[in-house]
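# Working through the structure, step by step
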Amino acid sequence: ALSNSISHITGYGSILFFATKNGVFKIDQEKKINSHFTTENGLPHNNINQLYLDENKDLWIATHSNFLSCINGKEEVTNKSVYNGNDLINITGIIKDVNKEFWLATFGNGVFRIKKSGEIERFTTGNGLKSNYCYGITNDESNNIWVGHRGGLSRIKGERQQISRYGKNDGING
């Protein structure tokens, strides 16, 4: 049975994916096949915050974990290490920019950029982010990364990664 707490929905064709507090559900409406992914199948945590379906139909999973998890088309789960700290991070959002690099918003640990080389770059209040508590993340046509926080926004701009903050004084009452 589908969990009673759905935090995000995505899909393609007749296939839908649901992020829940009890893992990820995949429903193929055409073939009438349902799949359920949890820690028992390799996910690092069952409380799923967001899903990102990429151009290869791989499903990337934002959850309470130091890993970025993926379910591929063969329904295999893989986990890529993002953070080596002693505490668990809570990934709240995932996007892929125009350069095909992942950006992860977290609740309390800022923003992580996973470069194509595999190198991980971190953005926090220490290098200009408005807050380390990130509620949402998106990018625009100019490849600016926008991060939503309580009380405002941060914009990570262009290749130089210049950070601008927007808040109450800029008309953002978040």
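Conventions adopted
- Residues numbered from 1 in each chain as written.
- Predicted model: local features only at pLDDT ≥ 70, side-chain atom pairs only at ≥ 80, totals over all residues.
- Heavy atoms only, no water.
- Helix = DSSP H or I, 4+ residues; strand = E, 2+ residues; numbered from the N terminus.
- Rg over C-alpha atoms; globule rule 2.2 N^0.38 Å.
- Buried < 20%, exposed > 50% of the residue type's maximum accessible area, 1.4 Å probe, protein only.
- Contact = heavy atoms within 4.5 Å.
- Areas by Shrake-Rupley, 256 points an atom, 1.4 Å probe, with all protein chains shown as cover.
- Pairing = 2+ DSSP bridges.
- Axes fitted to C-alpha atoms, helices over the stretch in contact; angles between N-to-C directions.
- Phe/Tyr/Trp six-rings, centres within 6.5 Å; stacked < 30°, edge-to-face > 60°.
- Salt bridge = Lys/Arg side-chain N within 4 Å of Asp/Glu carboxyl O.

### Side note on the overall build of the protein
When helices and strands are counted, the protein shows zero helices and 16 strands. The C-alpha radius of gyration of the protein comes to 16 Å, within 12% of the 16 Å expected for a compact globule of 174 residues. Principal axes of the C-alpha set define a box for the protein whose edges measure 50 × 30 × 30 Å. Put simply, the protein has 174 residues, and 47% of those count as buried. Summarising the internal contacts of the protein: among those between residues at least 6 apart in sequence, 35% fall at separations of at least 24. Summed over all atoms, the accessible surface of the protein reaches about 9,200 Å², with 43% contributed by carbon and sulfur.

### Notes on the sheet that holds strand β13 (residues 136–139)
With antiparallel pairing, four strands are arranged side by side in an open sheet as β13-β14-β15-β16. With partners counted over all chains shown, the strands left at the sheet margins are β13 and β16 (162–166), one partner each. The mean angle between the axes of side-by-side strands here comes to 20°, regardless of whether they run parallel or antiparallel. Across four bridges, β13 lies against strand β14 (residues 145–149) in antiparallel orientation. Each residue of the ladder has a partner; that of N139, found in β14, is I145.

### Details of the packing of aromatic side chains
For the structure on display, the rule yields eight aromatic pairs. Seen in terms of ring centroids, Y52 and F102 are 6.2 Å apart; in terms of plane orientation they differ by 85°. Their pairing is edge-to-face. In this pair, Y52 sits in strand β5 (residues 48–53) while F102 sits in strand β10 (residues 102–106), placing the two residues 50 residues apart along the sequence. This pair shows no difference in class: Y52 is buried, exactly as F102 is.

### With respect to the pairing of strand β1 (residues 6–12)
Pairing of β1 with strand β2 (residues 15–20), which is carried by six bridges, proceeds in the antiparallel orientation. Within β2, the position partnered with G11 by the bridge is L16. Between the antiparallel neighbours β1 and β2 lie two residues, among them G13 with a positive phi of about 55°.

### Considering unusual backbone geometry
In the Ramachandran plot, E75 falls in the positive-phi region, its phi being about 65° despite a non-glycine side chain. For E75, a relative accessible area of 32% puts it in the partly exposed group. The phi dihedral of N143 is positive, around 65°, even though this residue is not glycine. Checked against the element boundaries, N143 lands in the loop between β13 and β14.

### Regarding the pattern of salt bridges
Under the definition given, this model contains seven salt bridges. Close ionic contact of R113 with E121 constitutes a salt bridge, the shortest N to O distance being 3.0 Å.

### Some thoughts on the sheet that holds strand β3 (residues 23–28)
Taking strand neighbours across the sheet as the criterion, the four strands line up as β1-β2-β3-β4 in an open arrangement whose pairing is antiparallel. A strand with exactly one partner marks an edge of an open sheet, and here the two such strands are β1 and β4 (33–37). Strand-to-strand twist in this sheet, taken as the mean axis angle between neighbours without regard to direction, amounts to 15°. Two strands pair when backbone bridges link them, and β3 and β4 are joined in this way by five bridges, in the antiparallel orientation. Bridge pairing in β4 places K26 opposite S35.

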